[in-house]
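# A look at the structure
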Protein chains: 2
Amino acid sequence: MENQSSGKKIIKPQTLKGFRDFLPADANARNLIIQKIRKTFELYGFEPLETPALEYADTLLGKYGSEADKLLYLFNDRGGRKVGLRYDQTVPLSRVIAQYPQIPRLFKRYQIQPVWRADNTQKGRYREFVQCDIDIVGTEAELADAEIISCTLNTFNELGITQRIVWLNDRTIFDNLGFTKQEIIILDKLEKIGDQAVIEELKKMGRKNAAEIFTLLKNTQPTPRIKKIFTALEKEGFSEKKDFLFVPYMARGLDYYTSTIFEVKVESYTSSSLAGGGRYDKLIGQFTGNDIPAVGIAFGFDRLVDVILENNLISIGKTPSKVLVTVFNPEYEINSLDIATQLRKSSINTEIYLDPLAKLDRQLKYADQKDIPFVVVLGPDEVQKNVVQLKNMREKTQREITVEELVKILKT
Amino acid sequence: MENQSSGKKIIKPQTLKGFRDFLPADANARNLIIQKIRKTFELYGFEPLETPALEYADTLLGKYGSEADKLLYLFNDRGGRKVGLRYDQTVPLSRVIAQYPQIPRLFKRYQIQPVWRADNTQKGRYREFVQCDIDIVGTEAELADAEIISCTLNTFNELGITQRIVWLNDRTIFDNLGFTKQEIIILDKLEKIGDQAVIEELKKMGRKNAAEIFTLLKNTQPTPRIKKIFTALEKEGFSEKKDFLFVPYMARGLDYYTSTIFEVKVESYTSSSLAGGGRYDKLIGQFTGNDIPAVGIAFGFDRLVDVILENNLISIGKTPSKVLVTVFNPEYEINSLDIATQLRKSSINTEIYLDPLAKLDRQLKYADQKDIPFVVVLGPDEVQKNVVQLKNMREKTQREITVEELVKILKT
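Residues numbered from 1 in each chain as written. Chains lettered and ligands numbered in written order. Predicted model: local features only at pLDDT ≥ 70, side-chain atom pairs only at ≥ 80, totals over all residues. Heavy atoms only, no water.

### Let's talk about the pairing of strand β7 (residues 107-116) of chain A
Residues and elements named next belong to chain A. β7 sits mainly inside the fold: nine of its 10 residues count as buried. With two bridges joining them, strand β3 (residues 47-48) and β7 adopt parallel strand pairing. Bridging across to β7, E47 finds its partner in R109. Relative to strand β8 (residues 128-137), β7 runs antiparallel, the two being bridged by 10 bridges. Within β8, the position partnered with W116 by the bridge is E128. (Buried < 20%, exposed > 50% of the residue type's maximum accessible area, 1.4 Å probe, protein only. Helix = DSSP H or I, 4+ residues; strand = E, 2+ residues; numbered from the N terminus. Pairing = 2+ DSSP bridges.)

Below is the structure:
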C-alpha cells in the first residue's frame, strides 16, 4: 500500500473493489436524476425518511434469506456491539414502524440512501449503491399496490424511460399450486434458461408431473388482487401490455414477499430489471409481534443512471456552472471579482478563475474542459469602457456588451 | 436483544447509540436545507463530488492526528482488507485528486455526505452526521480563501442565519512566535477557560515568558494573506466585525492546516462553531508526492439544522404533500382516484387515503396529524353534481367547487 519514493512515504490513492468515486460530471447527473425521482415520489404523497448506515446485526440478520446474510457487512464496533451496514431500506423501515408509536397507522414514505453488499464484483455488481424506495405501510388495499406501480411508471416517464413495463405476479399462485421454495428459485430462472430447462430442473428436484404443472402455471389467470390493481391502473390511463403485464412464472428472490410481486423491465436498453418490489405483510411483525401489511418497490438507482446517460434520455450538462469570469492579471483580479459578484447576486452560477497569473488561453481551456457554456473576458480596455467580452463556448462566438446586458443574457 | 412473547421471536426495534432516524417532518426539513446549501455552493461554481463510505484504512489513518485515529470506525472486510468508514470529506478529496489525472489542475468541488466518528455520545455528539464541504484545490491565491469565506457567509444568509461571523487566523503566526503543537491546543481553549487560565497552563508546560508571549499574540496584526482576503471580501460588500474578524489566538484542532484557518460563529444561537476550515497545502502531497495547495471549509449540517428549526429561521412545512383526497367508501374509491390523478397531472403533490373503509373523521385526523394543508372530500352528492368539497385545514373553512377550480386553487 505504501511506496518509498524520494524518502517520502506516499499512500497509494485507490478505492476498494466494488466502490466508486463520482467525479463532478457524473455526480451532477446523479443529483439531477435524484431530484426528478424525489419530485415524482412527492407528487404521490410519499414523505422522506432517513435511517442510519449502521444497524444492530440482529435487525438485519435472517430477514433476506441465508444467501443474502453472507453479503452483509458485519463487524464489532468499538463498544463490542455486533453491527452491520444497511443492506436495503425495507428492513430499516420495518424497524422504524415498530420503534415509533407516533407514526400514523397508514404510512407512506420514500427513502433514497446508499446500501452495502459484499457481493461478487465480477458480475458487474457494486458493493455500494443507492436505492430509491417507496413503501405504503398499514393497508391491504389493492389501491396501495396500484399507487406503488403508478408512481413507478410515472417516475420512469419523468426520467425519459417511456419504454418500460411492470411485470406483476402474486406469490399465492405458487402456494396454491404447491411449489416449494427451492422450486420457485428454479422458476425465477425461466427467462435465462428457457421453458424446457426449467421443466428438466423441476424433474430433477423430484417433481413427477413437472411438465403438466408448469403448463398449468403458465396458463394461470390473474388473482382477484391483480385484477383490482389492473382496474385502478386503467382508470389512471395506463394499459395492459404497454404499461403492465401479468407474468405468472415471475418469482423474485427475497424471502419476505407474501403476495403481489413486481419488476420493471426496460427491454430496449437492458435485460436486468431496474426496479422490483412487492407486498410483505409479515416482515414488520418480526419487530412488532403483530403483522402489519405493507407494499413497496426499490429502484436500482445506479443502473437507472447508466441507462439514462448511455441512451441520452434526458439532457444533462456536465456542470451546474453557467459562466466562467476570467482574470486578466493580478491587478485586474478585483474587477473580475466585481463582475462575478454581480452575476451571483442575480442567481447566475458563476465561477471566477482562481489563478490570476494564468494565461487567458489556459483559462479558456479550463472552461472548455469543464463544459462551462459561457466565458467573460475583461482587461484594461474593457474596464476603461465599462464593458465585457462574452464568449459563447458552444457557438464559438464573442460579443462586447455591458454588464447589465450580460446579466440579462445569462439569466435566460 | 430478543424477547420470547407468545412463542414468537420478536426483535427489539432500536437504533445504535449516537445514530438517529429522521422521520418525515425532520427528513423533509433536512432535504429543503440541503437544497438551499447546494444552490449556494453551485452559485459559486462549486461542482459536486461523491466518494465511497468505505476507504482503505491506510487512506484514513494518521491524517487527522492520533486522538482522531481512535474515533475511526475500522474493521476487516470479508476479503480481509483493513477498511474504515469516512471520517471527513477532506482526506477522500485528497485521495481523489491524486487518483484521477483527468481532474483539472484547478479544482472546485462540494461534497454533502454522512461521516462516522466513534465519539463520546455523552457530549451530545452523534456518531453519524452529515458534512457539507466546499474546497478549492490547486491554487495559493488569497482570492480562493476569500471565495470559500464569501460562499460560506452567503450560505448562512440563504439559511436565514444572518447573525453569523467568520473568525480568521493564520497558523504561521503561531510558528513565528515559536508555539509548539501542545501549546496551540491550549490556546484553542481560550474562549472556554479565559486568558488567565491559558497563561497558567502555558507556564505549566514550561513557558517562562507565558504572559508576555500571550500579550504579543493577542496584539498580533493580520498577516499579508489575511489582509488580502479582507480586501476581496470588502469588495464583495462584506465588512469587518459584522461579517469577518481576525482572531490571532484561534487555533483549530486538526493537524493538517498550514496557514489560513476559519470558523463560523453564531453567538446569538449557539456557543459551538457551525463551520470550520482552512488552508491545507501539505495534505494532498501525502498521496501525490508533490504538494498541491488547497483551502476549504466543512459545515456541520446537523447542528445547522437544529439552529434553523429551533429558531424558526426559515419557513419549512412538515410535509411535501399539498392535499389529501379522501375516500367515501370502496364504491367511490375510483372517483377519488380520478381526482387524485387529475391533481397529480397538474404537478400538485397529492395523497389519496388508502383505506376505503376508514371513516371520514379518521381520514381528516390523518391529514391534521401530518399537517397536510388541504383536504378534498367527495361522496355520492358531489359525484352526481360533478363537484368536490375543499377543506382548508389551517383556516378551518370548506367550500364546494368544480375540479377545474380545485386545480386552479391548489396550483397557486
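### Remarks on unusual backbone geometry
One non-glycine residue, K396 of chain A, adopts positive backbone phi at about 55°. Here K396 of chain A lies in the loop between β17 (388-392) and β18 (397-401). A relative accessible area of 69% places K396 of chain A in the exposed class. Located in the positive-phi region is S347 of chain B, a residue other than glycine, with phi close to 65°. You can see S347 of chain B is positioned in the loop between α13 (333-345) and β15 (350-352).

### Here we look at the sheet that holds strand β8 (residues 128-137) of chain B
All names here are of chain B. Taken in spatial order, the eight strands of this open sheet run β3-β7-β8-β13-β12-β11-β9-β10, and their pairing is mixed. Two strands in the sheet have a free side with no partner beyond their single neighbour: β3 (47-48) and β10 (244-246). Examined bridge by bridge, strand β12 (residues 275-279) and strand β13 (residues 294-300) share five bridges and lie antiparallel to one another. What sits directly across from G278, in β13, is G296.

### Remarks on the relation of the copies chain B and chain A
Each copy superposes on the other: chain B lies on chain A with an RMSD of 0.0 Å after a rotation of 180° and an axial shift of 0.0 Å. Here the two chains are linked by the operation of a two-fold rotation axis. Measuring from the rotation axis to each C-alpha of chain B, the shortest distance belongs to F75 of chain B, at 3.3 Å. Here 99% of the contact residues of chain B are again contact residues in chain A; the copies associate through an equivalent surface. (Least-squares fit on C-alpha atoms with pLDDT ≥ 70 in both. Contact = heavy atoms within 4.5 Å.)

### Considerations on the side chain of R109 of chain A
Residue and element names in this part refer to chain A. Here R109 shows up in strand β7. For R109, a relative accessible area of 1% gives the class buried. A distance of 3.0 Å separates a polar atom in the side chain of R109 from the backbone oxygen of Q89. Within the structure, the side chain of R109 is placed 3.0 Å from the side chain of Q111, a separation counted as a polar contact. Apart from residues no more than four positions distant in its own chain, R109 is found in contact with F46, E47, L49, Q89, L93, D133, I134 and D135. (Polar contact = N/O pair within 3.5 Å; in protein donor to acceptor, adjacent residues only side chain to side chain.)

### As for the packing of helix α1 (residues 24-43) of chain B against helix α12 (residues 301-310) of chain B
Helix packing for two helices is described by the angle between their axes and how far apart those axes are. Residue and element names in this part refer to chain B. Between α1 and α12, the least distance of the axes is 11 Å, while the angle of their chain directions is 105°. One finds that α1 runs roughly perpendicular with respect to α12. Seen from α1, the contacting residues are D26, A29, R30, I33, I34 and I37; seen from α12, they are F301, D302, L304, V305, I308 and L309. Grouping the constituent residues of the contact of α1 with α12 by class yields nine nonpolar, no polar and three charged. (Axes fitted to C-alpha atoms, helices over the stretch in contact; angles between N-to-C directions. Parallel < 35°, antiparallel > 145°, perpendicular 65-115°, else oblique. Nonpolar A, V, L, I, M, F, W, Y, C, P; charged D, E, K, R; others polar.)

### Structural notes on the interface of chain B and chain A
Counting residues at the interface gives 110 residues for chain B and 109 residues for chain A. Taking both partners together, chain B and chain A bury about 9600 Å²; carbon and sulfur atoms supply 59% of that area. One can count 10 salt bridges joining chain B with chain A. In this assembly, chain B and chain A are joined by 46 residue pairs in polar contact (both at pLDDT 80 or more). (Buried area = accessible area lost by both parts, 1.4 Å probe. Salt bridge = Lys/Arg side-chain N within 4 Å of Asp/Glu carboxyl O.)

### Some details on helix α4 (residues 90-99) of chain B
All names here are of chain B. Of all 10 residues making up α4, eight are buried, and the element is well covered by its neighbours. Among the residues making up α4, those that are buried are T90, V91, P92, L93, S94, R95, V96 and I97. Here the buried face of α4 lies against β4 (54-56), α2 (57-60), β7 (107-116), β8 and α11 (285-288).

### With respect to the domain arrangement of chain A
Considered domain by domain, chain A is made up of domain 1 (24-177 + 220-310) and domain 2 (323-411). Computed over C-alpha atoms only, the centres of domain 1 of chain A and domain 2 of chain A are separated by 47 Å. (Domains from an automatic or database assignment.)

### What about the packing of aromatic side chains?
All names here are of chain A. Using the criterion set out here, one finds 23 aromatic pairs over all chains in the structure. Centre to centre, the rings of F174 and F179 are 6.2 Å apart; their planes meet at 85°, and the pair counts as edge-to-face. For the residue pair F174 and F179, the accessibility class agrees, reading buried in each case. The interplanar angle of 70° and the centroid separation of 5.2 Å between the aromatic rings of Y256 and Y257 together place this pair among those described as edge-to-face. Put simply, the rings of F41, Y110, F156 and F299 touch in pairs and so form one group of aromatic residues. In this arrangement the basic side chain of K265 is found over the ring face of W167, its NZ or CZ atom lying 4.7 Å from the centre. (Phe/Tyr/Trp six-rings, centres within 6.5 Å; stacked < 30°, edge-to-face > 60°. Lys NZ or Arg CZ within 6 Å of the ring centre and 35° of its normal.)

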